[in-house]
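Next come the chains, spelled out residue by residue.
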Amino acid sequence: MKKNIKDYNLDDLKKLIIELGEKPYRAEQIFKWIFVDNVVSFDDMTNLSLELRQKLKDNFDLHIFNILQKQESKDGTKKYLFDVLDGNAIESVLMEYKHGFTICVSSQIGCKMGCKFCASTGVKFSRNLSAGEIVEQLLAIERDEKIKISNLVFMGIGEPLDNYENVMKAIEILNNQKGINMGARHISISTSGLVPKIYELADKNIQCTLSISLHSANNEKRSQMMPINNIYNIEELMKACRYYIEKTNKRISFEYALAKENNDNLSDAKELVKLLKGMLCHVNLIPINKIENGKYNKSTNENIIKFRNYLNEKGIVATIRRELGSDIDAACGQLRKKEVDRCKYMQKPI
Ligand code: SAH
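Residues numbered from 1 in each chain as written. Predicted model: local features only at pLDDT ≥ 70, side-chain atom pairs only at ≥ 80, totals over all residues. Heavy atoms only, no water.

Partitioning the chain into domains gives domain 1 (3–61) and domain 2 (66–346). One C-alpha centre belongs to domain 1, the other to domain 2; they are set 33 Å apart. Taking both partners together, domain 1 and domain 2 bury about 1300 Å²; carbon and sulfur atoms supply 54% of that area. Counting across the domain 1 and domain 2 interface gives 2 salt bridges. Note that K6 and E136 form a salt bridge whose closest N and O atoms lie 2.7 Å from each other. Connecting domain 1 to domain 2 are 9 residue pairs in polar contact (both at pLDDT 80 or more). Of all the elements in the fold, those that place two or more residues in the side of domain 1 that touches domain 2 are α1 (10–19) and α2 (25–35). Here the side of domain 1 that touches domain 2 takes 5 residues from α2, the largest share from any one element. Taken together, the residues of the side of domain 1 that touches domain 2 sort by class into 7 nonpolar, 3 polar and 5 charged. (Domains from an automatic or database assignment. Buried area = accessible area lost by both parts, 1.4 Å probe. Salt bridge = Lys/Arg side-chain N within 4 Å of Asp/Glu carboxyl O. Polar contact = N/O pair within 3.5 Å; in protein donor to acceptor, adjacent residues only side chain to side chain. Helix = DSSP H or I, 4+ residues; strand = E, 2+ residues; numbered from the N terminus. Nonpolar A, V, L, I, M, F, W, Y, C, P; charged D, E, K, R; others polar.)

Here it is as structure tokens:
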């Protein structure tokens, strides 16, 4: 397979273009065609000579995803199933907020983390997505919807910190002012808690928002929900989070999916307050979405509100996340590879 030209940031692209015997400014032109004009063919790069276009075609691919399926929720959220051109497929979700469009991207095909409440875990891990494949999710939706997306969250399928290099490269590409020009502040990385990578991210000191999928302040409970807790327990995770805050001076967002009679009692809220007291943070409460064959059920609204109020009373800023796209299985934890496996038998993209 030819190299995916979207895997290169501008500096790398310059080197490649020089290797092809061309002037470096050509790289800027190409970069703009790819990431600003969002073209689907090298032939659309009309300010390049025919010869250069041919050289690009011989050496690279624009890696344009096929849309295999697109579903729209009652609330306007859209879920895309993309053919990533090697027989695999992934999902991305587009949400519209008052401040603009947010895309939720996948970072891997499948996930190794095994969280018991998350549908993405259901199917075996296949591979990491490359930087270009992460960015192409945004470009493909912008082409399809004819919109500009302003925010991006790594909350789709996969564990972004388990694909650290490619995710960092994708962020560099997204940030580049000569391309998509999405500021790091508009990007969130969500992790199940890969402690060594949180330290690495802290030292890198980029301005992205870090979200930690906490879900319980109690080791026994968290280990039941998230096997990763057996490797990096809550104490180690919190130590890494404190280091992150100290290094970046940024507030961390803790995700807490409330499951009925599991982690939604007042005693759970008390443990959470004890854990987070005094920390520069925010708690995002998510009514857990039940997954097929999953043992966790959504908390009652009453409990969710009680839980939030208790945290707020104790000085911990907590908000309840608005659920988007649950009717099309596009909400948190509902992305999966079911469709992905089905698509292998589909004949043609739509
Ligand atoms: N692997 C990363 C990112 C993907 S999940 C992580 O674990 O953070 C994005 C968010 O959705 C995480 O906070 C995750 O814990 C949450 N989530 C997963 N399954 C869910 C479910 N069934 N209901 C509500 N939230 C869920």
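What follows concerns the side chain of N262. With respect to the secondary-structure elements, N262 resides in the loop between β12 (252–258) and α9 (266–276). With a relative accessible area of 13%, N262 lands in the buried category. Excluding anything up to four places from it in sequence, N262 contacts K221, M225, D268 and Y296. (Buried < 20%, exposed > 50% of the residue type's maximum accessible area, 1.4 Å probe, protein only. Contact = heavy atoms within 4.5 Å.)

What follows is about the pattern of salt bridges. Under the counting rule described, the total for this entry stands at 21 salt bridges. One salt bridge connects E91 with K79, and the closest N-O pair in it is separated by 3.2 Å. Here E91, found in strand β5 (residues 89–97), pairs with K79, found in strand β4 (residues 78–83); they are 12 residues apart in sequence, far enough to count as distant. There is no split in this pair, since E91 and K79 are both buried. R127 is the salt-bridge partner of D86, the closest N and O atoms lying 2.9 Å from each other. With D86 in the loop between β4 and β5 and R127 in strand β8 (residues 127–128), this pair connects stretches of sequence that are 41 residues apart. Here R127 falls in the partly exposed class, since its relative accessible area comes to 24%.

Let us now look at unusual backbone geometry. Unusually for a residue other than glycine, N181 sits at a positive phi of about 60°. With respect to the helices, strands and loops of the structure, N181 is situated in the loop between α5 (164–175) and β10 (187–191). Despite not being glycine, N249 has its phi angle at roughly 60°, a positive value. Residue N249 is classed as exposed on the basis of its relative accessible area, which comes to 64%.

The element β10 is extensively covered by neighbouring structure, given that 5 of its 5 residues are classed as buried. As defined by bridge partners, strand β9 (residues 151–154) adjoins β10 across 3 bridges and the pair is classed as parallel. From the neighbouring strand, V153 faces β10, where its bridge partner is S188. Following the chain from β9 across α5 to the adjacent parallel β10, one finds a crossover that is right-handed. Viewed along the sheet, the connection from β10 through helix α6 (residues 195–204) into strand β11 (residues 209–213) turns out right-handed. (Pairing = 2+ DSSP bridges. Right-handed = clockwise from strand over helix to strand, strands pointing away.)

The subject of this paragraph is the packing of aromatic side chains. By the definition in use, this model includes 6 aromatic pairs. Pairing F65 with F82 gives two aromatic rings, centres 5.5 Å apart and planes at 45°, and the pair type is tilted. Of this pair, F65 sits in the loop between β2 (60–61) and β3 (66–72) while F82 sits in strand β4, placing them 17 residues apart in sequence. Taken individually, F65 and F82 each receive the classification buried, so the pair is uniform in this respect. Between Y199 and Y243 the ring centres are 5.1 Å apart and the planes differ by 55°, which places this aromatic pair in the tilted class. Taken together, the residues span a long stretch of sequence, with Y199 in helix α6 and Y243 in helix α8 (residues 234–248) at a distance of 44 residues. Taken together, the ring pairs in this structure connect F65, Y80 and F82 into an aromatic cluster. Over the ring of Y8 we find K169, and its NZ or CZ is 5.8 Å from the ring centre. The residue whose ring lies beneath K197 is Y164, and the NZ or CZ to ring-centre distance is 4.9 Å. (Phe/Tyr/Trp six-rings, centres within 6.5 Å; stacked < 30°, edge-to-face > 60°. Lys NZ or Arg CZ within 6 Å of the ring centre and 35° of its normal.)

The next thing to look at is α6. Of the positions making up α6, those classed as buried are V195, I198, L201 and A202. Angularly, the buried residues of α6 cover 110° about the axis, an arc narrow enough to put them on a single face. Each element contacted by the buried residues of α6 is listed here: α5, β10, β11 and α8. Looking at the residues trailing α6, positive phi occurs at N205, about 50°. (Arc of directions from axis to C-beta.)

All right, on to the sheet that holds β11 then. Reading across the sheet, the 10 strands line up as β3-β4-β5-β6-β9-β10-β11-β12-β13-β14 and stay open at both edges, with mixed pairing between neighbours. With partners counted over all chains shown, the strands left at the sheet margins are β3 and β14 (318–320), one partner each. Going from strand to strand, the sheet's axes swing by 20° on average, the running direction of each strand aside. Bridge count for β3 against β4 is 6 bridges, and the pairing is antiparallel. Pairing of I67 across the sheet is with F82, part of β4. (Axes fitted to C-alpha atoms, helices over the stretch in contact; angles between N-to-C directions.)

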